[in-house]
Amino acid sequence: MQKKLELNYMNAIACLAVILIHVFSLGISSLAPASWQAFVIYIPWKLAGFVVPMFLYTGAVKMAKQFENKPITLSAYFHYILQRIRKIYLPYVLWVMIYYGCFLVIHYVRGEAGEFLSYLALGNLSSPFYYILIIMQFYLLMPLWVWLAKHCPAFLGIAGSLLITVCMQQFTYLLSLAGIQFLYADRIFPTYLFFWVLGLYVGKYYDVWAAAFARRHWQIPCFLLILACVLVSYLQYASGVYLFNTNDIKLGTDFLSIALVHAIGLWMVQAKPAVQHVFQKIYESSFFVYLSHCLFLTLGTVCFQRLGIYALSLLLPLRAAVCYTLPFIAYGVYKRIFSHFPKISNILG
């Protein structure tokens, strides 16, 4: 499979964006919604909200490219799944253990075996972890996606997945009508099916889609439309008056954001080597950073607050400084140490 560097650059951008989301989350939960400070934080925070759908999208593109001309045998399937367990799930398990140990020290958890197993199963010990549970579900269903891309017309597959995703936005509510409480709709794969299936067909017809994304006449209007939707979302958030469900808007803005970032990724393939080098390095560290950055964020915030730093005007920049430096430095140290042990060099991501 020929590697598409633009997909790497897209994941690097998403990595930087997910850090921004978690850094700014304290401001979103602490500031008065109608304040100008909340406005300044809310806009980039909301603009970055496409990251998980885009991680899934790029993963599906890569899967479609990887298996487009390969028969799926039982041995090939098990080899693929074992590889995904080793590269994705085992690092997740180890990071859950690391987080749990650190959180035990600062009394964020109780230290019970059942509690740890619950966090591991539900992916709710820290914000980034639920994505691992979602992507592993998609990986386990790999033969279904390969069959779908080969035998189902694109318009039918994309339209069907969109319908399922829209229905899933009401899934928890519909269950509640029957007296059933289900709090984990954001952790099951049908909730994100549209972005995955879209990625499959983009991978199948990659040259056609890439040519469409590379055309420049739509990019500025696309960004302005995304920004307008985010501003509408902010007005509802600030006023407390909700005229419509912003999840319906988010589905569209996530799609447009992914298309726009894909265009940026294609542009970066033609960018200066120095730019490509930086984003390739970010991509190489992105999984480690994705799994680890909230630990640095939490421990850093605890330390700053114990030093008496509570003002958000200082705390948020400090949180950003921690998250945009220490996880990347930790990755560099980790890779240098484990470069002498190639068989376990991917153990933490």
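Keep in mind that what you see is a predicted model, and the values were worked out from it rather than measured. (Residues numbered from 1 in each chain as written. Predicted model: local features only at pLDDT ≥ 70, side-chain atom pairs only at ≥ 80, totals over all residues. Heavy atoms only, no water.)

Between helix α12 (residues 219–239) and helix α13 (residues 246–269), the shortest axis-to-axis distance is 10 Å and the interhelical angle comes to 150°. The orientation of α12 with respect to α13, classified from their angle, is roughly antiparallel. For the pair α12 and α13, the crossing hand works out as left-handed. Residue-level inspection shows Q219, C222, F223, L225, I226, C229, S233 and Q236 of α12 in contact with α13, the latter providing T246, I249, T253, L256, S257, L260 and A263. Residue composition of the contact of α12 with α13, grouped by class: 9 nonpolar, 6 polar and no charged. (Axes fitted to C-alpha atoms, helices over the stretch in contact; angles between N-to-C directions. Helix = DSSP H or I, 4+ residues; strand = E, 2+ residues; numbered from the N terminus. Parallel < 35°, antiparallel > 145°, perpendicular 65-115°, else oblique. Left-handed = near helix turned anticlockwise from the far one by under 90°. Contact = heavy atoms within 4.5 Å. Nonpolar A, V, L, I, M, F, W, Y, C, P; charged D, E, K, R; others polar.)

With that settled, the discussion passes to helix α5 (residues 113–122). Turning to α5, its buried residues number three or more, namely E115, F116, Y119 and L120. All buried residues of α5 project into a common sector of 135° when viewed along the axis, lining one side. Residues of α5 that are exposed and point more than 90 degrees away from the buried face comprise A113, G114, L117 and A121. Considering only its buried residues, α5 is in contact with α4 (74–105) and α6 (130–140). (Buried < 20%, exposed > 50% of the residue type's maximum accessible area, 1.4 Å probe, protein only. Arc of directions from axis to C-beta.)

Before going further, it helps to examine the pattern of salt bridges. All chains considered together, the criterion is met by 6 salt bridges. A salt bridge links E284 to K281, with the shortest nitrogen-to-oxygen separation between them at 3.8 Å. A residue pair is termed a helical-turn pair when its members lie 3 or 4 positions apart in one helix, as E284 and K281 do in helix α14 (residues 273–306) at 3 residues. (Salt bridge = Lys/Arg side-chain N within 4 Å of Asp/Glu carboxyl O.)

Inspection of every chain in the model, using the stated rule, returns 33 aromatic pairs. Centre to centre, the rings of Y92 and F129 are 5.5 Å apart; their planes meet at 80°, and the pair counts as edge-to-face. In this pair, Y92 sits in helix α4 while F129 sits in the loop between α5 and α6, placing the two residues 37 residues apart along the sequence. Taking the centre distance of 6.3 Å and the plane angle of 75° together, the rings of W95 and Y99 count as edge-to-face. Note that W95 and Y99 are positioned in helix α4 at a spacing of 4 residues, about one turn of the helix. Through a chain of ring-to-ring contacts, three or more aromatic side chains come together here, namely Y89, Y92, W95, Y99, F103, Y108, F129, F288, Y331 and Y334. The ring of Y139 has R84 sitting right over it, with the charged end atom 5.3 Å from the ring centre. (Phe/Tyr/Trp six-rings, centres within 6.5 Å; stacked < 30°, edge-to-face > 60°. Lys NZ or Arg CZ within 6 Å of the ring centre and 35° of its normal.)

So, about the side chain of E6. Secondary-structure assignment places E6 in helix α1 (residues 5–30). It turns out E6 is buried and unbridged, and the closest side chain with the opposite charge, K4, is 5.3 Å from it. (Lys, Arg positive; Asp, Glu negative; His and termini not counted.)

Along the chain, the position of Y119 falls in helix α5. C-alpha separation for the pair Y119 and L243, spaced 124 residues apart in sequence, amounts to 35 Å. Apart from the residues lying within four places of it in its own chain, the contact partners of Y119 are Y92, Y100, V109, N124 and L125.

Together, W36, F39, V40 and L231 give the surface a local cluster of nonpolar side chains, amounting to about 410 Å² of exposed area. Of the residues forming the nonpolar patch, the biggest block, 3 residues, is contributed by helix α2 (residues 36–47). Positionally, L231 belongs in helix α12. (Patch = residues over 30% accessible without salt bridge, like charges linked within 9 Å, V, L, I, M, F, W, Y side chains within 5 Å. Areas by Shrake-Rupley, 256 points an atom, 1.4 Å probe, with all protein chains shown as cover.)

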